[in-house]
Amino acid sequence: MSEDTFRGPVLLRGERVELRPFSIEDAAALIEIIRAGEDFLPDNFPRRLDAERLAWWLTTGVHQPQRYGAAIQLAVLDRESGDFVGTIGLYRVDWTQLTCEVGYGMRPRARRRGYATEALRLISAWALRDCGLHRIELRAAAIESIRVAEKGGYVCEGVARGGEREGGVNRDQFVFSLLAADLDRAEAGPPRLVGIGVGPGDPELVTAKAIRILREADVVLVPVMALDEEGRAESVVRAYTGKAERVVFALNDRGGVTGKRAAAWDGAAGRVVRAFEEGARTVAFATIGDPNVYSTFTYLAQTVRERRADVVVETVPGITAMQDLAARSGTVLTEGAESLALVPLTAGVAGFRAALETGDTVVAYKFGSVAAEVVDVLKDAGRLEEAVYGARLGLAGEDVRPAREITGAVPYLSTLIVPGHRTTRGGKL
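Residues numbered from 1 in each chain as written. Predicted model: local features only at pLDDT ≥ 70, side-chain atom pairs only at ≥ 80, totals over all residues. Heavy atoms only, no water.

A. Geometry of the environment of Ala 372. When you line up the elements, Ala 372 lands in helix 14 (residues 371-381). In this structure the C-alpha to C-alpha distance between Ala 372 and Thr 407, which are 35 residues apart in sequence, comes to 7.5 Å. (Helix = DSSP H or I, 4+ residues; strand = E, 2+ residues; numbered from the N terminus.)

This is the structure:
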C-alpha cells in the first residue's frame, strides 16, 4: 500500500466496467473519437490524426506520468462488449500530503448509463486503499458530473468561484472530496432519510422498529414551533434517545404555502443535507402520527430529494390519532363493507358535510377552529349522538368525550370520529 502500488500494473474490474492502462489496442477507438470530434478527452490526449504520434502516445507517452508517480490515466471499457466507453485518471498526486485530484470523461453514447459512477468508485477505492492516499478532490460544474460525484460517495465542500475557464468565460465549480475514512460509509449504501411516525403522543404507542431506528440513526430531528419549546414528537423521542435535535417548522401557520412555511421547509432540508455532508448515513425525522398522513415529513423529504438526488427516503408507519381515539373511546372504526372517510377541516366544514351524506364512518382532523360549526353539521345530519371527540391523546390533560359535550373552543389538533350507523351484529357484512 504505497507509491510502488501506484506505479505498478493496474487492472480494476467492477460489475459493468473494467479500468486498464491504455495500449495500442485503443488506437481504433481513439481514431474514431478524433474523427467524430467527440469532446471529452483530457487535454493531454492526441487531438489530430497522426499515426506515428498516436502510437507513441499509446505505448509510451500516456504511461510516463504513472512511472513518475505523478498521475495515471486509464481506459474505461464495457466489460460485456469490450467497447471503449471513456477515460478516468488521477492527477496532481502529492505523496507528501497523500492527496490527488480525479477527472473522467465518457463518450456521448455512454453517458447516463452508470459507467462514470462505477469507474469513479473503482479508482477511488484503489487510490485510497491500495495506494494509501488520504484525500481525492473532484471538481464539477455540470449537473451530470455533480450527480456522479454524489453517487460516488463524494462530499461537497463548497464552490470554487470562477474555478474553470471555458469558452473564454470563467465559471464556478463545485468542489467535492473523498477521504479514506469515507469509503466504508460510501460502500454501505446511499444516505437515508427516514420519516418515523411516533403516534399521537403516548411513548408506549411507538413501534419497535421506530425505536430501533431512532437509536441507530446518526442524527434525529424533531419539528417544533420554536427552538425554546419542546414539541410533542420530541417528548416521545426523548423517552428512547437523548439525541433529538429541534428544527423549526411553521406548524401553526395557515393559508397554504406561506413564506414562513417555505422557509421552514428549506431550513430543515438544509440541516438534513448538512448532516449528510458531515458524514451522517441515516437521518431520522420524528413526526406525530404517521409520516404519510398529513405530515410535515412529506415536504421535508421532497425538498431534500431536490438537493440530494442520491438520498433514499424511507418511512416507518405510526399509530394515527383516529386509531388511538378509537381505542381510548371504545369506538369501532369500521365493520364489514363500511367505508372510512378522513377529512381535514383546515379549509372549513363543506367537505365534512359531504362526507357525512355519502359515507359510513367519517373522521375529522384539525377542526379546532370550526368546532361550533362541526357540532351544528352533526346535528343537521342526525349523527351527533354517536360521534366521539378527542384531544391531547396519551398526554397530560387528555380529553376524550362524546361530541355532544363540546362547548366553546377546542385545540387545533383535535380528532372526531363519527362511526357508521349499525343496528344488528354483522349487519354490514
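There is more to say, and it comes next.
B. Expanded view of the packing of aromatic side chains. Applying the stated criterion across every chain, the model contains 11 aromatic pairs. Ring geometry for Phe 22 versus Trp 57: centroids 5.7 Å apart, planes at 65 degrees, classification edge-to-face. Pair noted here: Phe 22 is in the loop between strand 2 (17-21) and helix 2 (27-36) and Trp 57 is in helix 3 (residues 51-59), with a separation of 35 residues, a long-range link. The same class applies to Phe 22 and to Trp 57, which are both buried. Aromatic pair Tyr 294 and Tyr 365: ring centres 6.2 Å apart, planes at 70 degrees, arrangement edge-to-face. Of this pair, Tyr 294 sits in the loop between strand 12 (282-287) and helix 11 (297-307) while Tyr 365 sits in strand 15 (residues 361-365), placing them 71 residues apart in sequence. You can call Tyr 294 partly exposed: its relative accessible area is 42%. For Tyr 365, a relative accessible area of 8% corresponds to the buried category. Taken together, the ring pairs in this structure connect Phe 22, Phe 45, Trp 57 and Phe 84 into an aromatic cluster. (Phe/Tyr/Trp six-rings, centres within 6.5 Å; stacked < 30°, edge-to-face > 60°. Buried < 20%, exposed > 50% of the residue type's maximum accessible area, 1.4 Å probe, protein only.)

C. Structural context of the packing of helix 13 (residues 350-358) against helix 14. Following both chains from N to C, one finds helix 13 and helix 14 inclined at 25 degrees, their axes separated by 10 Å at the closest point. With respect to helix 14, the element helix 13 is oriented roughly parallel. The handedness of the crossing between helix 13 and helix 14 is right-handed. Contacts from Phe 352, Arg 353 and Leu 356 of helix 13 reach helix 14 at Val 374, Val 377, Leu 378, Asp 380 and Ala 381. Residue composition of the contact of helix 13 with helix 14, by class: 6 nonpolar, no polar and 2 charged. (Axes fitted to C-alpha atoms, helices over the stretch in contact; angles between N-to-C directions. Parallel < 35°, antiparallel > 145°, perpendicular 65-115°, else oblique. Left-handed = near helix turned anticlockwise from the far one by under 90°. Contact = heavy atoms within 4.5 Å. Nonpolar A, V, L, I, M, F, W, Y, C, P; charged D, E, K, R; others polar.)

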